[in-house]
Amino acid sequence: MEKSMHSGNGAPAVGVYICHCGANIAGTVDVAALSEWAAILPGVRVSRDYKYMCSDPGQEMIKQDIRDHGLSRVVVASCSPHLHEKTFRTATSDGGLNPFFFQMVNIREHDSWVHKDRDVATDKAKDLIRAAVRRVQLHKPLEVRRVPVREEVLVVGGGIAGIHAALILADAGKHVYLVEREPTIGGHMAMFDKTFPTLDCAACILTPKMTAVKAHRNITLWTLSEVTDVSGYVGNYRVTVKRKPRYVMEDVCVGCLECIDACVYKTAKVDDEFNLGLSKRKPIYMPFPQAVPQVVTIDPETCIDFKSGKCKKTCIEACDERHAINLQQEEQTLEIEVGTIILATGFRVFDPKRTPYYGHGVYPNVYTSLEVERLLNSAGPTGGELVMRDGRKPQSVGIIHCIGSRDENTNRHCSKVCCMYSLKMAMLIKEKTSAEVHNFYIDMRTPGKTFEEFYNRTAEEGVHFVRGKIADVYPESNGSGKLILQGEDTLLGRMRRTSVDMVILAVGLEAQSDAEDVRRRFNITCSSDGWFLERHPKLAPVATFTDGMWVAGACQGPKDIPETVAQAGAAAAEALSLINAGYVELEPNTAFVVEEACSGCKTCVSLCPYTAISFVEAREKAEINEVLCKGCGVCVAACPSGSITQNLFEDEEIFEEIKGVLAYA
Amino acid sequence: MLETTTKPVETVPATYEPKIVAFFCNWCTYLAADLAGTFRLDYAPNIRIIRVMCSGRIDPQFVLDAFAKGAAGVLIGGCHPGDCHYEAGNYKALRRFHLLRSVLQEMGIEEERFRLEWLSAAEADQLKKAVDDMVAKVRALGPLHLETPEEHFAEEVMVS
């Protein structure tokens, strides 16, 4: 439908386009009435409503009208500008106008989706459209700024996500800095025994990739390192990395391990972090046999020389003429410049101390699932034998699902992987011990390729499934060493006590404890439970709201290995796309000083966070460096003489918006 | 000093719906409002959101102008302290907010009518709560009743 009203010669001729978004907008807002109403607003020449403005015919309509009706400005009332502003700017530009002769009105996220009453929502849409029509008439032609994109990429986190992303980028010839805070890369995946639902060994598929990282000439791998500061902007980030001392020269150590044998500690006494304290290590150690880099690490917390300075330093003696050990090594601070950043900082497992009623840390035979991964792993503390802390092999095992997941008292979210890894564990336990395995679950969640089939297979193998959440774990009173799992069997509708030798807590996934610090350092957003927030849950699942930064893997939310790898690939591809373009277009929303009005008071100079404003002594005027300005507008609001203007957000444009939304207040 | 005369209590009509102008920053609060949409959170329809890049861009004149043009309230939304996309624009907004609020109070504009909320892009629920709460309070206050110079004149005449 078309309503036209011709404005006088030379006056802006605005085209207003109201999107139905199927029923998303049209279901709540009277779009036909709106377009009829908009047609008679001052300055409007064409007003239309259409099913999907973002579709090709929708965009074509704008272009055609610009040509046929001589439109000089375009207003589209549809979804959030964060979604389609670019689409419609391009359509405006393709129609022959400056792309910034366009204004978007958000009548979906900010109106039809949040209100139910049709009249109220339509009235609100009118106010918002009126504001845009008034504002757009003042828009000035602007040009996007292009800045070059550096080819180097920073990948933070050396788990499977970081490894995969780094390899893709490095294979494409881009230089990658891979920063990992642990002494080795590999992350959680390196701790797992086998992976569901194929039961292939995690190390067999991971270690070749870890070695490839170390060997790749395009990858600079920094372990024991953390990013401490990030500045700059898309295409041109400056990053500070702190490298903790390893006390062993990485490029000299060959990983022969003779120093470990030579250590004055004849027996290992320190809890081995990689085996979650199920075994001991010495102060000088290799985290695990396939660690990358293949070099030892000295832990200054437990090394006698660091504590007393009175060690015989037998390790240095053993290293002999290689001289790889350097106890004087100091922390290093490095500065690098990169164009893009991928965050792959992973997750942590739920700490069962928060659910003391399950007895972890109280009864020795209660384990977390990650501990059992280590027990089942042939490179683990028991050489792959399922032997409990008391030395026995379990005859019966109870796996309690949803520990720290789907629980009002801990975490509300489903950790997504626990059902499947519990099934995997049940299979592996049966394979190794022929013990009876009982799964206590709330719901079995097995959505995924061949996951349900795996579940059926587990059941056919004779694994028991009880629907119900265990309420309590306590030892059998007869001193048998067995543990009783008490809880309601919700299918039978009665209480049940199951006596088992070993209890496995299927602990959930949580955001890293320092996720909040990390997201601040990188200026991205977290959801309230600490997962990094993606730009759009469906259409931009790995992008963040900060241009040139992506997230991959479980730092964004619980996910399994294939999903993590897919995200890492996606993040790498998006970074490559930007690098390949060679430049990035920046919004032209910078500020500038109108010199005639500047009184030279210097108020603005100290306000600018980017030192983009300087004071030109010769003319006694402030001057803004357009390249450094990022367009926040702080100086504009502060200027007492109103001499600073911000492109796209000029005072007059905002005053028109205010007038527009309040026309009939 | 003049004695202040209490103004006659105006009863707020039951159908009164205030209009509130909201200035939201592009990176946090505007996105919180987008997320509220995605979650289909039903909140009071009285706010009209105007997008600025940073809460630090909000010129006190915008607020005064909104009240002058008939807004019954003004809501400013920005990123949490420490989270500003532009490092510290929200701190500038905070400083201006406190100053401006006292000026507005001098003018007879109740403090409930001018509000600042730190809302991150993930805080759609909090946005709903803030908007609903503000609308309820402003609705109870009724339309803006700014004292006009004539009222002061009358006051003065009465005293003398």
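In this text, all values refer to a predicted model and were calculated from it rather than measured experimentally.

Our next topic: the overall build of chain A. Each helix and strand in chain A was counted, giving 18 helices and 35 strands. Seen along its three principal axes, the alpha-carbon backbone of chain A occupies a region of about 95 × 70 × 40 Å. Expressed as a percentage of the 665 residues in chain A, the buried residues total 49%. The long-range share in chain A, meaning contacts at least 24 apart out of those at least 6 apart in sequence, stands at 71%.

What chain B contains, in helices and strands, is 5 helices and 4 strands. Secondary structure elements of chain B, listed N to C terminal, follow the sequence β-α-β-α-β-α-β-α-α. Burial status across chain B gives 49% buried among its 160 residues. Excluding contacts between residues fewer than 6 apart, the proportion of contacts in chain B whose partners are at least 24 apart in sequence is 82%.

The next subject is the sheet that holds strand 1 (residues 20–25) of chain B. All names here are of chain B. Overall, parallel pairing links the 4 strands, which are arranged 2-1-3-4 in an open sheet. The open sheet has two edge strands with one neighbour each: strand 2 (47–52) and strand 4 (114–118). Within this sheet the neighbouring strands show an average axis-to-axis angle of 20°, counted without direction. When strand 1 meets strand 2, the two strands line up parallel, connected through 6 bridges. Within strand 2, the residue paired with V21 across the bridge is R48. Of the strands in this sheet, strand 1, strand 3 (73–78) and strand 4 are in contact with helix 2 (residues 60–68), which crosses strand 3 at around 150°.

It is worth spelling out the interface of chain B and chain A at this point. The accessible area lost on association of the parts is a frequent measure of interface size. Each partner contributes to the interface: chain B provides 41 residues, whereas chain A provides 43 residues. Looking at the side of chain B that touches chain A, the elements with two or more residues in it are helix 1 (29–38), strand 2, helix 2 and helix 3 (89–106) of chain B. The element that contributes the greatest number of residues to the side of chain B that touches chain A is helix 1 of chain B, accounting for 6 residues. For the side of chain B that touches chain A, the residue count by class is 21 nonpolar, 8 polar and 12 charged.

Attention now moves to the packing of helix 6 (residues 160–171) of chain A against helix 15 (residues 561–581) of chain A. Two numbers describe a pair of packed helices, the interaxial angle and the distance between the axes. Residues and elements named next belong to chain A. Following both chains from N to C, one finds helix 6 and helix 15 inclined at 35°, their axes separated by 8 Å at the closest point. In the packing of helix 6 onto helix 15, the handedness of the crossing is right-handed. Contact residues: I160, A161, H164, A165, I168 and L169 in helix 6; I561, T564, V565, Q567, A568, G569, A571, A572, A575 and L576 in helix 15.

Moving on, we get to the pairing of strand 26 (residues 483–489) of chain A. Residues and elements named next belong to chain A. Where strand 25 (residues 470–475) lies against strand 26, 5 bridges are found, and the strand directions are antiparallel. Bridge assignment links V473 to a residue of strand 26, and that residue is L485. Both strand 26 and strand 27 (residues 494–500) contribute to a ladder of 7 bridges, which runs antiparallel. Bridge assignment links E488 to a residue of strand 27, and that residue is M495.

Next up on the list: the confidence of the model for chain B. All names here are of chain B. When the pLDDT values of chain B are averaged, the result is 89; 85% of them are 70 or greater. Of the regions scoring below 50 in pLDDT, residues 1–5 engages in 5 contacts with residues more than four places distant in sequence or in other chains. Scored as a complex, the prediction yields pTM 0.85 and ipTM 0.89.

On to helix 14 (residues 515–522) of chain A, then. Residues and elements named next belong to chain A. Of the positions making up helix 14, those classed as buried are A515, V518, R519 and F522. Mapping the buried residues of helix 14 onto a view down its axis gives an arc of 95°, with all of them on the same face. Elements that come into contact with the buried residues of helix 14 comprise strand 12 (225–233), strand 19 (340–343), strand 29 (509–511) and strand 30 (549–551). N523 occupies a position one or two residues after helix 14 and carries a positive phi of about 55°.

Moving on to the sheet that holds strand 30 of chain A. Residues and elements named next belong to chain A. Spatially, 11-8-7-19-30 is the arrangement adopted by the 5 strands of the open sheet, whose pairing is parallel. Each having just a single partner strand, strand 11 (219–222) and strand 30 make up the two edges of the open sheet. Between one strand axis and the next, the sheet turns through 15° on average, direction left out of account. Relative to strand 19, strand 7 (residues 153–156) is paired through 4 bridges, and the arrangement is parallel. Looking at strand 19, one finds that V156 is bridged to L343.

Turning our attention to the environment of H401(A). All names here are of chain A. Considering the arrangement of structural elements, one finds H401 in strand 22 (residues 396–403). As for H401 and A471, which are separated by 70 residues in sequence, their C-alpha atoms are 12 Å apart. With near-sequence residues (within four places) excluded, H401 lies in contact with C418, C419, S422, N439, F440, Y441, I442 and A506.

Okay, unusual backbone geometry next. With glycine set apart, most residues show a phi of negative sign, and most peptide bonds adopt trans. Residues and elements named next belong to chain A. With an omega of -15°, the peptide bond between F196 and P197 qualifies as cis. Positionally, P197 belongs in the loop between strand 9 (194–195) and strand 10 (200–201). In this structure, P293 follows V292 across a cis peptide bond, with omega equal to 5°. The residue P293 is located in the loop between strand 16 (284–285) and strand 17 (297–298) in this model. One non-glycine residue, K313, lies in positive phi territory at about 55°. Considering the arrangement of structural elements, one finds K313 in the loop between helix 9 (304–308) and helix 10 (314–319). The phi dihedral of L648 is positive, around 75°, even though this residue is not glycine. Note that L648 resides in the loop between strand 35 (644–646) and helix 18 (651–661). On the neighbour-count criterion, L648 (17 C-beta atoms within 10 Å) is partly exposed.

Residues and elements named next belong to chain B. In a regular helix each residue adds 1.5 Å, so 18 residues correspond to 26 Å; helix 4 (residues 124–141) covers 26 Å between its end C-alpha atoms and thus fits that length. Looking only at helix 4, the buried set comprises A124, L127, A130, V131, M134, V135 and V138. In a view along the axis of helix 4, the buried residues occupy a sector of 125°, so they form one face of it. For helix 4, the secondary structure elements touched by its buried residues are strand 1, helix 1, strand 2, strand 3 and strand 4. Directly beyond the C-terminal end of helix 4, a positive phi value near 85° is found at G142.

Here is what the cut-offs are and how they apply
Residues numbered from 1 in each chain as written. Chains lettered and ligands numbered in written order. Predicted model: local features only at pLDDT ≥ 70, side-chain atom pairs only at ≥ 80, totals over all residues. Helix = DSSP H or I, 4+ residues; strand = E, 2+ residues; numbered from the N terminus. Buried ≥ 20, exposed ≤ 12 C-beta atoms within 10 Å, placed from the backbone. Contact = placed C-beta atoms within 7 Å. Pairing = 2+ DSSP bridges. Axes fitted to C-alpha atoms, helices over the stretch in contact; angles between N-to-C directions. Nonpolar A, V, L, I, M, F, W, Y, C, P; charged D, E, K, R; others polar. Left-handed = near helix turned anticlockwise from the far one by under 90°. pLDDT = per-residue confidence, 0-100. Arc of directions from axis to C-beta. Expected span 1.5 Å × (residues − 1).

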